[in-house]
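Residue-level structure breakdown
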Amino acid sequence: MLGRRERRLLRDRARDVVWPRIGWRRAARYFSHRIRRLPGSPYSIAAGFACGAAVSFTPFLGFHFVLAALASWMIGASILAAAIGTVVGNPWTFPFIWFMAYRLGCFILGIDTGETLPQGLPMEYEGLSMKYIFDNPEAVLLPTTVGGVPLGVVAWGTSFWLVRRAVARYQRIRKASIRRKIERQQRKMDAAVKHKEQAGKESGQ
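Below or above, wherever it landed, is the structure these notes cover. Since the structure is predicted, the reported quantities are computational estimates derived from the model, not experimental observations.

Each value, and the rule that gives it
- Residues numbered from 1 in each chain as written.
- Predicted model: local features only at pLDDT ≥ 70, side-chain atom pairs only at ≥ 80, totals over all residues.
- Heavy atoms only, no water.
- Helix = DSSP H or I, 4+ residues; strand = E, 2+ residues; numbered from the N terminus.
- Buried < 20%, exposed > 50% of the residue type's maximum accessible area, 1.4 Å probe, protein only.
- Contact = heavy atoms within 4.5 Å.
- Areas by Shrake-Rupley, 256 points an atom, 1.4 Å probe, with all protein chains shown as cover.
- Expected span 1.5 Å × (residues − 1).
- Arc of directions from axis to C-beta.
- Patch = residues over 30% accessible without salt bridge, like charges linked within 9 Å, V, L, I, M, F, W, Y side chains within 5 Å.
- Salt bridge = Lys/Arg side-chain N within 4 Å of Asp/Glu carboxyl O.
- Core = buried A, V, L, I, M, F, W, Y, C linked by side-chain atoms within 4.5 Å.
- Phe/Tyr/Trp six-rings, centres within 6.5 Å; stacked < 30°, edge-to-face > 60°.

Counting its regular elements, the protein contains eight helices and zero strands. From first element to last, N terminus to C terminus, the protein shows the α and β order α-α-α-α-α-α-α-α. When the 205 residues of the protein are sorted by exposure, 32% land in the buried category. Counting only contacts in the protein whose residues sit at least 6 apart along the sequence, the fraction spanning at least 24 positions is 70%. Accessible surface, the protein: about 14,200 Å² in total, of which carbon and sulfur atoms supply 62%.

Here helix α6 (residues 94-109) is 16 residues long and its end C-alpha atoms lie 22 Å apart, about the 22 Å a rise of 1.5 Å per residue gives. Of all the residues in α6, the buried ones are Phe94, Pro95, Ile97, Trp98, Ala101, Tyr102, Gly105 and Cys106. In an axial view of α6, the angular spread of the buried residues amounts to 160°, which keeps them on one side of the axis. With its phi angle positive at about 75°, Gly110 sits one or two positions after the end of α6.

In a regular helix each residue adds 1.5 Å, so 14 residues correspond to 20 Å; helix α3 (residues 42-55) covers 20 Å between its end C-alpha atoms and thus fits that length. Counting buried positions along α3 yields 13 of 14 residues, so the element is predominantly enclosed.

Glancing now at a nonpolar patch on the surface. A cluster of nonpolar side chains, contributed by Tyr43, Phe63, Phe65, Val66, Leu67, Leu70, Trp73, Met74, Ile75 and Ile79, occupies part of the molecular surface with about 1,000 Å² of accessible area. It is helix α4 (residues 64-74) that provides the largest number of residues to the nonpolar patch, a total of six residues. Locating Met74 in the fold gives a position in helix α4.

With 13 residues, the main nonpolar core has Ile35, Ile45 and Val163 as its most contacted residues. Those elements that provide at least two residues to this core are α3, α5 (79-85) and α8 (137-204). Considering every element that reaches this core, the biggest residue donor is α3, with five residues. Ile35 has contacts with Ile45, Phe49, Ile84, Val163 and Val167, leaving out every residue within four places of it along the chain. Counting seven residues, the second largest nonpolar core, distinct from the first, contains Phe57, Trp98, Ala101 and Leu151.

Moving on, we come to the packing of aromatic side chains. On inspection of all chains with the given rule, the structure shows three aromatic pairs. Judged by centre distance (4.9 Å) and plane angle (15°), the ring pair of Trp156 and Phe160 falls under stacked. Linking Trp156 with Phe160, this pair stays in helix α8, spanning four residues, or about one helical turn. A relative accessible area of 26% places Trp156 in the partly exposed class. Exposure remark for Phe160: the relative accessible area of 15% places this residue in the buried category. Here the aromatic residues Tyr43, Trp156 and Phe160 are joined through ring pairs into a cluster of three or more.

These results come straight from atomic positions and should not be treated as a statement about function.
Structure (structure tokens):
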């Protein structure tokens, strides 16, 4: 009943991923609000989101949700939050993520990258093809995967700390608001009972 009357076309949904119609600021607020309202403890929500953010630093595009869901399940975190966390990896961030992961991986493995990246791995998103990465396992896939691990660990810790604080604060405010509402209702009921008792006494006299 509350759904769309007309289903959106796939191209429209894909366009929103690249450039949200509501704008980046409103989109960020929407995701922030959605994360904070998820059911579960602050740990569960934050850990799930952190898993989604962490796997976004791996080159296994297309398997990010599966990996995030599996990691969340293993540590008792929210799988739904993990799905939202994978939005950290998107067409705007992947070029920078893979560039950093590749460079860091080469540094860790002691691979001399020279002055330029390998042909087929430019900063443009279209050039960062998964086919090229997996067709060159030793030159690109291995260092990108190795470099993505420490970056993912940093992303996990940072996002976990930020999201847990935000969710905990939101839940405290929400619980306090609900408690105040219950107290107001209880006071109204007590006042109504007292008024009824007083009216009964006066009528009895």
